[in-house]
Amino acid sequence: MQDMPSLQGRRVVLGITGGIAAYKTPELVRRLRSGGAEVRVVLSRGGARFVTAEALAAVGADVADDAGHGMPHIDLARWADIVVIAPATAHLMARLAAGAADDLLTTVCLATEAPVCVAPAMNRAMWQNPATRANHAALLARGVLFVGPGEGLQACGESGPGRMSEPAEIAAFLERLWGEAGALRGLLAVVTAGATYEALDPARGFTNRSSGKMGYALAAALADEGASVVLVSGPTTLAAPPRVQRTMVISAIEMRDAVLAYRDTMRLFVGAAAVADYRPEAVSPRKLKKEADTLTVTFVRNPDILAEVARLAHPPFTVGFAAETEDLEAHARAKLEGKGVDLIVANPIGEAGVGFGEDRNRVILIDKDRTVAWADAPKTEIARGLVREIITRLRRNAPS
Ligand code: C5P
């Protein structure tokens with residue numbers, strides 16, 4: 001059996017910028033070529049400090065650089081079926097976001113009509129910096145594909161998001177892009193997951209028992225169908241699924257802001273998070289002392305993220321969850337209509353073995369036409385089924 005049939009005959013321009021992960025790129029070239037792809041490398045000045053043109057040529061890549069070796073930019077831009085940038089530094093992301101064309105690689109990116117795929121690699125604080133967040137959002141909105149970054153120990157000794165995805169993951173991403181799967185290819189999906197945490201003072205706050213498992217499983221299942229997935233997650237120890245861009249948030253307000261950054265570009269929104277309906281009106285800057293016998297906290301309403309997204313002028317397809325202890329269907333249908341969403345997934349709370357915090361779920365699907373109850377199943381299986389339902393509905397809504 002061939003290694004990666006969908007890479008056969010594909011023309012990959014691989015841009016390498018200046019990060020330590022560049023030492024892994026000969027392995028990436030080797031994998032792509034063993035799958036049948038042709039690879040031309042654009043080695044930036046920074047990239048050349050970490051990997052040599054000789055090492056890349058030795059594994060079969062043609063190498064172009066800023067000194068004028070190799071094909072000129074327009075030829076590379078036209079030749080490419082895809083431009084993959086691995087590793088991509090924070091600086092490269094900033095230049096791409098700005099539309100810069102100040103070296104061969106950025107010029108190729110600006111000139112090409114092929115998709116551009118970025119595998120970021122940087123220190124975790126640089127990845128989380130608001131400037132990089134904004135560049136990331138702008139590039140996603142423009143249809144730039146992202147693979148990774150992963151989380152883990154970094155060259156600088158810190159641990160967190162920013163590690164370049166392994167060559168095998170990048171190759172698998174491309175294989176999937178060109179492979180059979182991918183009914184949602186090119187579609188930007190935003191998924192919320194987990195509980196929010198509403199602070200009362202620096203040490204305490206209010207949260208709930210949502211584990212985030214359902215939302216994480218949905219994000220993974222959407223990515224498996226080729227969607228570009230942004231997962232906006234409340235605090236959890238779950239690992240980010242592969243090929244999913246995760247933004248960690250704490251409070252409902254932060255979650256809303258992270259979601260609405262994609263207000264003009266998302267085409268699917270899944271609200272799987274258990275968002276706190278209320279937050280303490282005031283957050284004490286100092287730890288509250290136990291002085292009185294009773295403590296009264298005033299709560300104020302949080303924004304309803306799902307309803308807000310459903311009310312956008314050009315709303316995406318919206319999917320909400322309804323976790324209920326009683327009258328599941330009636331409450332869920334009221335939510336469908338009240339919030340103006342396209343599909344509600346209702347699940348019971350308080351049944352043994354399913355729902356909040358569990359690995360299994362039992363759901364009822366409710367849309368404006370019908371109600372369908374599914375047997376209980378693992379959340380990963382429910383997620384795949386829901387994605388199939390979403391695909392069917394998106395096709396039905398698509399202009400013919
Ligand atoms: O009204 P209720 O909280 O039961 O609605 C649940 C649905 O609404 C879920 O999809 C949840 O993610 C979403 N929601 C939201 N923002 C809120 C409350 C709920 O997005 N403040």
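Residues numbered from 1 in each chain as written. Predicted model: local features only at pLDDT ≥ 70, side-chain atom pairs only at ≥ 80, totals over all residues. Heavy atoms only, no water.

A look at the domain arrangement of the protein
(1) Moving on: Under the domain assignment used here, the protein contains domain 1 (11–181) and domain 2 (184–397).
(2) Moving on: The gap between the C-alpha centroids of domain 1 and domain 2 is 33 Å.
(3) Moving on: The interface of domain 1 with domain 2 comprises 16 residues on the first partner and 10 residues on the second.
(4) Moving on: Between domain 1 and domain 2, a total of about 1200 Å² is buried, with carbon and sulfur atoms accounting for 52% of that surface.
(5) Moving on: Linking domain 1 with domain 2 are one salt bridge, by the criterion used here.
(6) Moving on: Applying the counting criterion to the domain 1 and domain 2 interface returns five residue pairs in polar contact (both at pLDDT 80 or more).
(7) Moving on: Of all the secondary structure elements, the ones that give two or more residues to the side of domain 1 that touches domain 2 are helix 7 (130–141), strand 6 (145–146) and helix 8 (167–178).
(8) Moving on: When the residues that make up the side of domain 1 that touches domain 2 are grouped by side-chain class, the tally is 11 nonpolar, three polar and two charged. (Domains from an automatic or database assignment. Contact = heavy atoms within 4.5 Å. Buried area = accessible area lost by both parts, 1.4 Å probe. Salt bridge = Lys/Arg side-chain N within 4 Å of Asp/Glu carboxyl O. Polar contact = N/O pair within 3.5 Å; in protein donor to acceptor, adjacent residues only side chain to side chain. Helix = DSSP H or I, 4+ residues; strand = E, 2+ residues; numbered from the N terminus. Nonpolar A, V, L, I, M, F, W, Y, C, P; charged D, E, K, R; others polar.)

Some words on helix 7
(1) Moving on: Across its 12 residues, helix 7 extends 16 Å between first and last C-alpha, which sits within 8% of the 16 Å expected from 1.5 Å per residue.
(2) Moving on: Of all the residues in helix 7, the buried ones are Thr 132, Asn 135, His 136, Ala 137, Leu 139 and Leu 140.
(3) Moving on: Its side-chain oxygen 2.8 Å from the backbone nitrogen of Ala 131, Asn 129 forms the N-cap of helix 7.
(4) Moving on: One or two positions beyond helix 7, positive phi appears at Gly 143, with a value near 95°. (Expected span 1.5 Å × (residues − 1). Buried < 20%, exposed > 50% of the residue type's maximum accessible area, 1.4 Å probe, protein only.)

Examining the state of the cysteines
(1) Moving on: As enumerated under the stated definition, the model contains zero disulfides in all.
(2) Moving on: This cysteine, Cys 109, is not joined by any disulfide, and Cys 117 carries the nearest cysteine sulfur, 11 Å off. (Disulfide = S-S within 2.5 Å.)

Side note on the site of the ligand
(1) Moving on: Near the ligand you find Gly 271, Ala 273, Val 275, Asp 277, Pro 303, Asp 304, Ile 305, Leu 306, Gly 320, Phe 321, Lys 335 and Lys 339, and these make up its full shell.
(2) Moving on: Within the backbone of Gly 271, a nitrogen or oxygen atom sits 2.5 Å from an oxygen atom of the ligand.
(3) Moving on: Considering the ligand on its own, with 450 Å² of exposed area, one finds that the protein chains cover 86% of that surface.
(4) Moving on: Only helix 11 (305–310), strand 17 (317–324) and helix 12 (328–339) provide two or more residues apiece to the shell around the ligand.
(5) Moving on: Across the shell around the ligand, the residue classes tally to six nonpolar, two polar and four charged. (Near = heavy atom within 4 Å. Areas by Shrake-Rupley, 256 points an atom, 1.4 Å probe, with all protein chains shown as cover.)

Focus on the pattern of salt bridges
(1) Moving on: Under the criterion given, the structure shown has 19 salt bridges.
(2) Moving on: For Glu 166, the salt bridge is made with Lys 24, and the minimal N-O distance between the two is 3.0 Å. Taken together, the positions of Glu 166 in the loop between strand 8 (159–163) and helix 8 and Lys 24 in the loop between strand 1 (11–16) and helix 1 (25–34) put the pair 142 residues apart, joining distant regions of the chain.
(3) Moving on: Given a relative accessible area of 15%, Lys 24 falls into the buried group.
(4) Moving on: In this structure, Arg 362 and Glu 351 form a salt bridge, with 2.7 Å as the shortest nitrogen-oxygen distance. With a gap of 11 residues between them, Arg 362 in the loop between strand 19 (360–361) and strand 20 (364–366) and Glu 351 in the loop between strand 18 (343–348) and strand 19 connect regions that are remote in the sequence.
(5) Moving on: Classification of Glu 351 by relative accessible area gives partly exposed; the value is 34%.
(6) Moving on: One network of salt bridges, with partners in common, ties together Lys 24, Arg 163 and Glu 166.

Observations regarding the sheet that holds strand 4 (residues 82–88)
(1) Moving on: In space, the six strands of this open sheet follow the order 3-2-1-4-5-6, with parallel pairing throughout. Two strands close off the open sheet at either side, each with one partner strand: strand 3 (62–65) and strand 6.
(2) Moving on: Looking at chain direction, strand 1 and strand 4 are connected through four bridges and run parallel. The partner of Val 12 across the bridge, within strand 4, is Ile 82.
(3) Moving on: Along the sheet, helix 1 contacts strand 1, strand 2 (38–43) and strand 4; its crossing angle with strand 1, the most-contacted strand, is approximately 175°.
(4) Moving on: Contacts from helix 5 (residues 104–111) reach strand 1, strand 2, strand 3, strand 4 and strand 5 (116–120), with the element oriented near 145° to strand 4. (Pairing = 2+ DSSP bridges. Axes fitted to C-alpha atoms, helices over the stretch in contact; angles between N-to-C directions.)

What about a nonpolar patch on the surface?
(1) Moving on: A cluster of nonpolar residues, Ile 20, Tyr 23 and Phe 50, forms a patch on the protein surface that exposes about 300 Å² of accessible area.
(2) Moving on: Relative to the helices and strands, Phe 50 is located in the loop between strand 2 and helix 2 (53–58).
(3) Moving on: Judged by relative accessible area, which is 31%, Phe 50 ranks as partly exposed. (Patch = residues over 30% accessible without salt bridge, like charges linked within 9 Å, V, L, I, M, F, W, Y side chains within 5 Å.)

Quick look at the pairing of strand 3
(1) Moving on: Where strand 2 lies against strand 3, four bridges are found, and the strand directions are parallel. Residue Leu 43 lies in a different strand from strand 3, and its bridge partner there is Asp 65.
(2) Moving on: Each parallel crossover has a hand, and the one from strand 2 via helix 2 to strand 3 is right-handed. (Right-handed = clockwise from strand over helix to strand, strands pointing away.)

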